[in-house]
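# Examination of the molecular architecture
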Amino acid sequence: MPKKAKGKHGLLVVISGPSGVGKSTVVKKLLSSNPKLKLSISATTRPPRPNETHNKDYQFVTEEEFFDREKKGMFLEWAQVHGYYYGTSKSFIEDQLLKNNIVVSEVDVQGAASIKEAVSLGHVKTSAVFIFLIPPSVDILAFRLRRRKTENEEVVNYRLRAAIAELQVMEKYDYIVVNDKVDTASEKIKAIINVEKERVLLN
Ligand code: 5GP
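Rules used throughout
- Residues numbered from 1 in each chain as written.
- Predicted model: local features only at pLDDT ≥ 70, side-chain atom pairs only at ≥ 80, totals over all residues.
- Heavy atoms only, no water.
- Near = heavy atom within 4 Å.
- Polar contact = N/O pair within 3.5 Å; in protein donor to acceptor, adjacent residues only side chain to side chain.
- Areas by Shrake-Rupley, 256 points an atom, 1.4 Å probe, with all protein chains shown as cover.
- Helix = DSSP H or I, 4+ residues; strand = E, 2+ residues; numbered from the N terminus.
- Axes fitted to C-alpha atoms, helices over the stretch in contact; angles between N-to-C directions.
- Parallel < 35°, antiparallel > 145°, perpendicular 65-115°, else oblique.
- Left-handed = near helix turned anticlockwise from the far one by under 90°.
- Contact = heavy atoms within 4.5 Å.
- Nonpolar A, V, L, I, M, F, W, Y, C, P; charged D, E, K, R; others polar.
- Pairing = 2+ DSSP bridges.
- Core = buried A, V, L, I, M, F, W, Y, C linked by side-chain atoms within 4.5 Å.
- Buried < 20%, exposed > 50% of the residue type's maximum accessible area, 1.4 Å probe, protein only.
- Phe/Tyr/Trp six-rings, centres within 6.5 Å; stacked < 30°, edge-to-face > 60°.

## A closer look at the site of the ligand
Taken together, 16 residues lie near the ligand, and Ser 42, Arg 46, Tyr 58, Glu 77 and Tyr 86 sit nearest. One nitrogen or oxygen atom from the side chain of Lys 23 is found 3.1 Å from an oxygen atom belonging to the ligand. Contacts to the ligand include Arg 46, whose side-chain N or O atom sits 2.6 Å from an oxygen atom. For the ligand, the accessible surface in isolation is 510 Å², of which the surrounding protein chains cover 95%. For the shell around the ligand, the secondary structure elements donating two or more residues are β5 (75-81) and β6 (84-89).

## Some thoughts on the packing of helix α1 (residues 23-31) against helix α7 (residues 182-197)
With their axes 9 Å apart at the nearest point, α1 and α7 run at an angle of 60 degrees to one another. Relative to α7, α1 is oriented oblique. In the packing of α1 onto α7, the handedness of the crossing is right-handed. Each of Thr 25, Val 26, Lys 29 and Leu 30 in α1 lies in contact with α7, whose residues at this interface are Val 182, Asp 183, Ala 185, Ser 186, Ile 189, Lys 190 and Ile 193. Class assignment of the residues belonging to the contact of α1 with α7 gives a composition of six nonpolar, two polar and three charged.

## Description of the sheet that holds strand β9 (residues 175-178)
Strand order across the open sheet formed by five strands is β2-β7-β1-β8-β9, with parallel pairing between neighbours. Two strands bound the open sheet, and with one partner strand each, they are β2 (37-39) and β9. Taken over all neighbouring pairs, the strand axes of this sheet differ in orientation by 30 degrees on average, direction set aside. As paired strands, strand β1 (residues 11-16) and strand β8 (residues 127-134) are joined by six bridges and run parallel to one another. In the sheet register, Leu 12 faces β8, and the bridge partner there is Ala 128.

## Structural notes on the sheet that holds β6
Spatially, four strands are ordered β4-β3-β6-β5 in an open sheet, and the strand pairing comes out mixed. Of all the strands in the sheet, just β4 (59-60) and β5 have a single pairing partner and so form its edges. The pairing of β5 with β6 spans six bridges and is antiparallel. Bridge assignment links Ala 79 to a residue of β6, and that residue is Tyr 86. Packed on one face of the sheet, helix α2 (residues 63-71) meets β3 (43-44), β4, β5 and β6 and runs near 140 degrees to β5. Along the sheet, helix α3 (residues 90-98) contacts β5 and β6; its crossing angle with β6, the most-contacted strand, is approximately 30 degrees.

## Quick notes on the nonpolar core
A general trend in soluble globular proteins is that nonpolar side chains are found buried together. Grouped together as the largest cluster of nonpolar side chains are 24 residues, with contacts concentrated most on Val 13, Ile 15, Ile 131, Ile 189 and Ile 193. Secondary-structure elements contributing two or more residues to this core are β1, α1, β7 (102-106), β8, α5 (138-148), α6 (153-167) and α7. Among the elements that take part in this core, α7 stands out by supplying four residues, more than any other. Excluding residues within four positions of it along the chain, Ile 193 makes contact with Leu 11, Val 13, Leu 30, Leu 37 and Ile 102. Residues Leu 97, Ile 115, Ala 118 and Leu 167 belong to the second largest nonpolar core, which totals 17 residues.

## Quick notes on the packing of aromatic side chains
Summed over all chains, the structure comprises 10 aromatic pairs. Taking the centre distance of 5.7 Å and the plane angle of 65 degrees together, the rings of Tyr 58 and Phe 60 count as edge-to-face. As far as burial versus exposure is concerned, Tyr 58 and Phe 60 are alike and both buried. Judged by centre distance (4.8 Å) and plane angle (80 degrees), the ring pair of Phe 67 and Tyr 85 falls under edge-to-face. Taken together, the residues Phe 67 in helix α2 and Tyr 85 in strand β6 connect sequence positions 18 residues apart. Residue class for Phe 67 comes out partly exposed when judged on its relative accessible area of 24%. Three or more aromatic residues link up through ring pairs in this structure, and these residues are Phe 66, Phe 67, Phe 75, Trp 78 and Tyr 85.

Following this line, the structure appears as structure tokens:
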């Protein structure tokens with residue numbers, strides 16, 4: 001009989017997508033559907049937005065603290081995104097995977113590529129699935145970014161250009177999910193997770 005991933009635990013679900021695509025809303029909906037799903041809380045040097053809480057949305061840290069953690073090897077991956085630093089905590093992911101939980105990690109395309117490499121090199125012992133969330137159209141993305149009113153027009157335009165560049169790499173992901181409606185997108189991701197949990201690994 002084929003073996004399940006030997007020595008590997010849980011599942012790491014990596015979700016990327018352009019800024020303003022609605023990743024956080026979809027991820028929140030997803031997490032509320034199953035207590036086994038745990039959000040990987042990244043560290044960032046970006047200042048908190050009004051609706052964000054320390055240790056819930058991110059660990060908001062100074063650059064000094066960020067690079068101290070980086071030197072100590074505490075990040076599974078880290079990257080500079082839109083002028084700030086973001087890093088994924090290695091120990092958080094390992095602890096959750098050992099508990100057989102499913103970790104949901106929301107990272108940019110650089111972070112997803114680094115995680116893919118770390119998993120393939122065995123730096124983190126897990127199965128991983130890579131999902132790219134896309135907007136129904138670039139116009140809708142622009143509308144959503146402006147509606148958010150957390151960034152000024154210059155930043156919105158910069159993020160739109162970055163989004164268009166990010167869309168070029170989506171074929172490197174395992175699944176592409178269109179975020180037309182939050183409920184539908186979250187249901188699709190749930191279905192992907194259910195299938196991936198059953199995947200039989202041949203090595
Ligand atoms: P925001 O500042 O809008 O919360 O996030 C900006 C971008 O950084 C998003 O694409 C988000 O997915 C990404 N991001 C959040 N946390 C991490 C992380 O730990 N590593 C990487 N590489 N990207 C992250």
